[in-house]
Amino acid sequence: MAQWTSAVGATQLARQLAAQRPGPSSAPAARARRQPAYRALADGIRLLVLEGRVPVAARLPAERELAVAHGVSRTTVAAAYEALRSEGFLESRRGAGSWTAVPAGNPLPARGLEPLPPESLGSLIDLGTAALPAPEPWLTRAVGGALEELPPYAHTHGDYPAGVPALRQLLAERYTALGVPTMPEQIMVTTGAMGAMDAICHLFGGRGERIAVESPSYANILQLMREAGARLVPVAMAEGLQGWDVPRWRQALRDAAPRLAYVVADFHNPTGALADEDQRRQLVDAARSAGTVLVVDETMTELILDEDVDMPRRVCAFDPAGSTVITVGSASKAFWAGMRIGWVRAAPDVIRSLVAARAYADMGTPVLEQLAVHWLMRTGGWEEALKLRRTQAKGNRDALVAAVRAELPAWEFHVPAGGLTLWVRTGGLSGSRLAEVGERMGVRVPSGPRFGVDGAFEGYVRLPFTVAGPVAVEAAARLGRAAALLESGAAPHVSPRTFVA
C-alpha cells in the first residue's frame, strides 16, 4: 500500500521552486551558482518540505513530468530524487511512486503545548501558551451572577449532556443574529473547544480515518487527533499567509478522501491568517463535493485587533442545509482560558449523536461555568470584556512586534490583524534549538515543528501576545541572546528528542 496521503502536481511544484527566494538560511549566491543542478533542485524540494510548503507524505510528480515542468533534464530530476532519498527526505516504492518524508533523526513532537508550571513563572518569561489573564472585573461579576442564577438548577440532578438550555438558546440566538439561523437543537455545550474537538473526532474520525488539516495548524488539536488514531493529511497555507490555498484543498480532499477536515478561518493559530469570503465559499463547496465534514474552529473569531478589519461571514453561513460544516466555539481565548466553556454548532442529528456518545465520556459541562457565560452574554458583559481583551492583546502585539524587530531584524513575520499569535521565520535558525536554548536564557517559546505534521516548520517559532512593555522587550532580548549563541556555534547541539515535550 502506498504511504502517501496527498499529491503535488509537476506544474505546482515547479512554480513553488521558482518562487523560492534566497533567505538567511540559503547558500551565498556565488556558491549557489556553482551548485550542480540536481543539488539545487534537491535543496529546493527539501526546503519546501521543512517549511511545510510541500506536506510530508505527499507524492511527488514522476521524474519526466517534473523535468518538463521545471525546464531541466530527467537525469537532473532523477539525481535530485536519489539525493533526497539518501538524506531521508524522500521514500519510494515501485508502482507507488515517490513521496516526501523527514529523516528519522527529526522525530515528530510527542505532545502539544503544556502550560508552564506556576512555580516557574518568576524565573521564565512564558511565551508558550496563547492565553491572557482574566478581564476583570467581568470574571468576578460573571461568577457572582451565576451564583444568583444557580438555585433553580441546584434542585435538579445537574446533568445536562447537551448543555444548560438557557445557554444553548442564547448561543443559537447569537448565531441567528449573525445571519446564520440556528435552533437550540443545533447547539451542544462542551468543556472547552478541546472537549468539542475530542467528541467530534471520536464520532467521525476513528482510528485509521484521514483528517485533512492546515499546515501549520494548532498543536494541541493535532496531538488530540494523533492520539485518536487519525491519519493527518496536511494542506499548506496560501502564499503570504493569505488564508487558504483552495486549489490545494480541492486536490487534497479529492485525492485523500478524508472523513474530516479541520480549519481555523479567523486569525488562524499559529499564523494569524484570515480567510476571505470567497475562500470560505469555495472550501465549503469542495468539502461538500468530496463528502468531507468540515470542522471550523472559531475560538479566535472575536479577537479583532485592528479597526479596519472587514470580517467575512462565518463559514457555516455557506452551508445553509447544515450537512457539511460543524462549528466549534469557545470562551477560552475570547474571555479566559480558565473558563472551560466551548460549544458545537451542527445539524440536529449530529448534535444528537454527539450528546449520546458523551454519556461515556465526560457526561456534561459544569453548570456554574455555563451560567457565568450565560450571564455575560445576557447582560452585555461579554462585549465589555471583549473590549478589554482586544485592547490588551493589541497593546501586547504592538510591543512584541517592535521588540522583535529591534532585537532580531533578520526574523520575518506578517503582523496579523487579530488573534493572539505571531508566526515567525527565524532567519535560518532551528526553531527547535531556539526553543531549547531560549529556555536556558529564561524565555519559553514553542518551536515550529509542534504546529506541523511529521517535522515540518523547523525554521519557525510561534510568539503569542501574552506579554507587554518591558517584559516584551526583555523576552526579545533573551531570544536575541539565544539566537546569537546558535549563530556563533557556542550552543551545544541538542537532539530534537530533548526539547519536544
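Below: a short report on this structure. Every value quoted in this text rests on a predicted model; they were computed, and no experiment measured them.

For the chain, the count of helices and strands is 18 helices and 16 strands. Residue burial in the chain is summarised as follows: out of 501 residues, 56% are buried. Intrachain contacts of the chain at a sequence separation of at least 6 include 76% that bridge at least 24 residues. Summed over all atoms, the accessible surface of the chain reaches about 20,300 Å², with 55% contributed by carbon and sulfur.

Further remarks concern the packing of helix H3 (residues 37-50) against helix H5 (residues 74-87). Two elements in contact, H3 and H5, have axes separated by 8 Å at closest approach and are oriented at 50°. Taken together, the axes of H3 and H5 lie oblique to each other. Note on packing geometry: the crossing formed by H3 with H5 is right-handed. Across the interface between the two elements, Ala 37, Tyr 38, Arg 39, Leu 41, Ala 42, Ile 45 and Arg 46 from H3 touch Thr 76, Val 77, Ala 79, Ala 80, Tyr 81, Ala 83, Leu 84 and Glu 87 from H5. Of the residues in the contact of H3 with H5, the class split is eleven nonpolar, one polar and three charged.

The subject of this paragraph is the sheet that holds strand S13 (residues 412-413). Across the sheet, three strands lie side by side as S13-S14-S16; this open sheet has antiparallel pairing. Sheet topology places S13 and strand S16 (460-464) at the edges, where each strand pairs with a single neighbour. By the bridge criterion, two bridges tie S13 to strand S14 (residues 421-425) in an arrangement that is antiparallel. Residue Glu 412 lies in a different strand from S14, and its bridge partner there is Arg 425.

With respect to the helices, strands and loops of the structure, Arg 462 is situated in strand S16. Only 3.0 Å separates the side chain of Arg 462 from the side chain of Asn 269, close enough to count as a polar contact.

Looking now at the pairing of strand S6 (residues 187-190). Along S6, one buried face is formed by Ile 187 and Val 189 and the opposite face, lined by Met 188 and Thr 190, is buried too. Here S6 pairs with strand S12 (residues 342-345) via four bridges, running antiparallel. Bridging across to S12, Met 188 finds its partner in Val 344.

The next thing to look at is the packing of aromatic side chains. Enumeration over the complete set of coordinates arrives at six aromatic pairs. Measuring from centroid to centroid gives 5.7 Å for Trp 423 and Phe 457, while their planes differ by 70°, and the two rings are edge-to-face. You can see Trp 423 sitting in strand S14 and its partner Phe 457 sitting in the loop between strand S15 (443-444) and S16, a full 34 residues away along the chain. Members of the aromatic cluster, each reached through a chain of ring pairs, are Trp 423, Phe 451, Phe 457 and Tyr 460. Here the basic side chain of Arg 141 rests over the ring of Trp 138, its NZ or CZ set 4.6 Å away from the ring centre. The ring of Tyr 175 is capped by Arg 345, whose NZ or CZ atom sits 5.9 Å from the centre of that ring.

Looking now at the environment of Ala 346. Tracing the chain through its elements places Ala 346 in the loop between S12 and helix H13 (348-358). Taking the C-alpha atoms as reference points, Ala 346 and Thr 324, separated by 22 residues in sequence, lie 8.8 Å from one another. If near-sequence neighbours (up to four positions away) are discounted, Ala 346 is found in contact with Gln 186, Ile 326 and Ile 351.

The strand order across the open sheet formed by seven strands is S6-S12-S11-S10-S9-S7-S8, and the pairing between neighbours is mixed. Looking along the sheet, the strands with just one partner apiece sit at the ends: S6 and strand S8 (231-236). Put simply, the sheet's adjacent strands are angled 20° from each other on average, direction ignored. With six bridges connecting them, strand S7 (residues 210-215) and S8 associate as parallel partners. Residue pairing across strands places Val 213 opposite Pro 234, the latter belonging to S8. The strands touched by helix H11 (residues 246-256) within the sheet are S7, S8 and strand S9 (260-263), with S7 carrying the most contacts at an inclination of about 160°.

As a further point, take helix H6 (residues 138-149). Here H6 contains twelve residues, and its C-alpha end-to-end distance of 16 Å stays within 8% of the 16 Å for a straight helix at 1.5 Å per residue. All buried positions along H6 are accounted for by Trp 138, Leu 139, Ala 142, Gly 145, Ala 146 and Glu 149. Along the axis of H6, the buried positions cluster into a sector of 130°, meaning they face one direction only. Residues Thr 140 and Glu 148 are exposed on H6 and point more than 90 degrees away from its buried face.

Below, the discussion takes up the nonpolar core. Membership of the largest hydrophobic core comes to 53 residues, with the highest contact counts inside it found for Trp 249, Leu 294 and Phe 335. Top contributing element to this core by residue count: helix H14 (residues 367-379), with seven residues. For Phe 335, the contacting residues outside a window of four places in its chain are Pro 135, Trp 138, Leu 139, Leu 376, Trp 382, Ala 385 and Arg 389.

A word on the packing of helix H15 (residues 381-407) against helix H17 (residues 469-488). Contact geometry of H15 with H17 gives a least axis separation of 8 Å together with a crossing angle of 35°. For H15 against H17, the interelement crossing comes out right-handed. Counted together, Ala 399, Leu 400, Ala 403, Val 404 and Glu 407 of H15 and Gly 469, Ala 472, Val 473, Ala 476, Ala 477 and Gly 480 of H17 form the full contact between these two elements. Broken down by class, the residue content of the contact of H15 with H17 amounts to eight nonpolar, two polar and one charged.

Residue Pro 216 is reached from Ser 215 by a cis peptide bond, and omega for that bond is 10°. Phi is positive for Ala 257, close to 50°, though the residue is something other than glycine. You can see Ala 257 is positioned in the loop between H11 and S9. Positive phi is not limited to glycine here, since Phe 267 has a value of about 55°. Taking the relative accessible area as the measure of exposure, Phe 267 reaches 1% and is therefore buried.

Once that is clear, we can look at the pattern of salt bridges. Per the stated rule, a full pass over the model turns up 26 salt bridges. Across the pair Asp 126 and Arg 444 runs a salt bridge, and its minimum N-O distance is 3.2 Å. You can see Asp 126 sitting in strand S5 (residues 125-126) and its partner Arg 444 sitting in strand S15, a full 318 residues away along the chain. Like Arg 444, Asp 126 is buried. Of the charged contacts in the structure, one is a salt bridge between Arg 250 and Asp 285, with a shortest N-O distance of 3.1 Å. Of this pair, Arg 250 sits in helix H11 while Asp 285 sits in helix H12 (residues 277-290), placing them 35 residues apart in sequence.

Definitions and cut-offs
Residues numbered from 1 in each chain as written. Predicted model: local features only at pLDDT ≥ 70, side-chain atom pairs only at ≥ 80, totals over all residues. Heavy atoms only, no water. Helix = DSSP H or I, 4+ residues; strand = E, 2+ residues; numbered from the N terminus. Buried < 20%, exposed > 50% of the residue type's maximum accessible area, 1.4 Å probe, protein only. Contact = heavy atoms within 4.5 Å. Areas by Shrake-Rupley, 256 points an atom, 1.4 Å probe, with all protein chains shown as cover. Axes fitted to C-alpha atoms, helices over the stretch in contact; angles between N-to-C directions. Parallel < 35°, antiparallel > 145°, perpendicular 65-115°, else oblique. Left-handed = near helix turned anticlockwise from the far one by under 90°. Nonpolar A, V, L, I, M, F, W, Y, C, P; charged D, E, K, R; others polar. Pairing = 2+ DSSP bridges. Polar contact = N/O pair within 3.5 Å; in protein donor to acceptor, adjacent residues only side chain to side chain. Phe/Tyr/Trp six-rings, centres within 6.5 Å; stacked < 30°, edge-to-face > 60°. Lys NZ or Arg CZ within 6 Å of the ring centre and 35° of its normal. Expected span 1.5 Å × (residues − 1). Arc of directions from axis to C-beta. Core = buried A, V, L, I, M, F, W, Y, C linked by side-chain atoms within 4.5 Å. Salt bridge = Lys/Arg side-chain N within 4 Å of Asp/Glu carboxyl O.

These values are about where atoms sit, not about what they do.
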